[in-house]
Structure formats: C-alpha cells, structure tokens
Amino acid sequence: MNNDESILYPKWKVIAQYLLLGGLIGTIGMFSIVLIVMILTGKIVEVEIAEYGFEVFWIIILIIVGGFFFGLIPSLIAALIITKFKIYFDSILKIIPLFIIGFFSGFVCACFMIISEGFLGALGGMSLYGLIGGFSAVVTGWFVLPKHK
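Residues numbered from 1 in each chain as written. Predicted model: local features only at pLDDT ≥ 70, side-chain atom pairs only at ≥ 80, totals over all residues. Heavy atoms only, no water.

S.K.: Would you explain helix α2 (residues 11–41) in this entry?
M.R.: Think of an α-helix as turning once every 3.6 residues; residues three or four places apart then point the same way. Between the first and last C-alpha of α2 there are 44 Å, a value that for 31 residues agrees with the 45 Å anticipated at 1.5 Å per step. Val14, Ile15, Tyr18, Gly22, Gly23, Ile25, Gly26, Thr27 and Gly29 are the residues of α2 that are buried. (Helix = DSSP H or I, 4+ residues; strand = E, 2+ residues; numbered from the N terminus. Expected span 1.5 Å × (residues − 1). Buried < 20%, exposed > 50% of the residue type's maximum accessible area, 1.4 Å probe, protein only.)

Structure follows, in structure tokens:
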C-alpha cells in the first residue's frame, strides 16, 4: 500500500459515521428481534391506538434513543479497528471481517454489562449482542466505508 492510498482513507469520517449510525442500526436490529419474539410468543395483544398510541410512541422513541447511546461504545471499538486496518467495502467478501469485528466489539462490551448473570445466561446474551454488533457493523459499513477498485 503506498502513502497516497493511506492518506486518502477517510479515517475520521468513518469513525464519526459509525458512531452516528452503528448504535442506531444495532438498536433497530435488536428491536426487530424482540418484536418478532413477542409476536411469536403471543406477548403482544391488540391495543387500541387511540388509547395507548401516545405511550407506545414514547416507548419506541426511548428504546431508539437509549439503544443509540448503548451502542456507542461497541460502534466506537468497531470503527477504530476498521480504520486501523483501512478496510474498504469493495467486495462482498468484506462482509466477513466486518462481521467478525462487529461481533467481537459487541461481545466484549456485553461481557462487562451482563457478567453478573449465570454463565449460560450471560453467554447467550453476549452472543446475541455480538450477533447484533456484527449485523450492525456490516450494514453500517455498507453505507459508510469507502469503495474503490
């Protein structure tokens, strides 16, 4: 890799955009999984929008905003690793390292958050958070990372 190519890599732009989008995309993924599980298990019942619509709206906003801030640290870790290796999204094969980086950053952050549960419960939660981190890193990279070749 020559010096011109390393100078042109938009390191700070990638980090900033990962911070802005990574947590949000991960939250949407997590919210979708929770919603699907709740529908499949019958935990969601039909409610009248006129009666509960306003409360549901604020709950969804709270989940999105909270998830955005909850995902900042794993997104930052993923962005720093991605910019360290100067990863471009120039082929479909870039999904694999992006997913691994996202999984690693989500899994490690979850280790510190839910270690107080039993080992199997914590391992399952950490794995789920890692999968969401991997998904988020790939989708964010698809939009954010520079493309060349």
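S.K.: In this structure, what is going on with the nonpolar core? I would like to understand it.
M.R.: A general feature of soluble globular proteins is that nonpolar side chains tend to end up buried together. Tyr9, Val14, Tyr18, Ile82, Ile87, Leu98 and Leu145 are the most contacted members of the largest nonpolar core, which has 16 residues in total. Looking at this core, the elements with two or more residues in it are α2, α4 (72–84), α5 (95–113) and α6 (119–144). Residues contacting Leu98, with those up to four places away along its chain left out, are Tyr18, Ile82, Ile87, Phe89, Ala137, Val138, Gly141 and Leu145. Counting five residues, the second largest nonpolar core, distinct from the first, contains Cys109, Ala110, Ala122 and Met126. (Core = buried A, V, L, I, M, F, W, Y, C linked by side-chain atoms within 4.5 Å. Contact = heavy atoms within 4.5 Å.)

S.K.: I'm lost on the packing of aromatic side chains in this one. Help?
M.R.: Aromatic ring pairs are defined here through the distance separating the ring centres and the angle between the ring planes. Scanning the entire structure with this criterion turns up six aromatic pairs. What links up through ring pairs into an aromatic cluster is the set Phe99, Phe103 and Phe107. (Phe/Tyr/Trp six-rings, centres within 6.5 Å; stacked < 30°, edge-to-face > 60°.)

S.K.: Honestly, the state of the cysteines in this entry has me stumped. Any pointers?
M.R.: Formally, a disulfide is one covalent bond, and it connects the sulfur atom of one cysteine to the sulfur atom of another. Taken as a whole, this structure holds zero disulfides when the rule is applied. No disulfide involves Cys109; its sulfur sits 8.8 Å from the nearest other cysteine sulfur, which is in Cys111. (Disulfide = S-S within 2.5 Å.)

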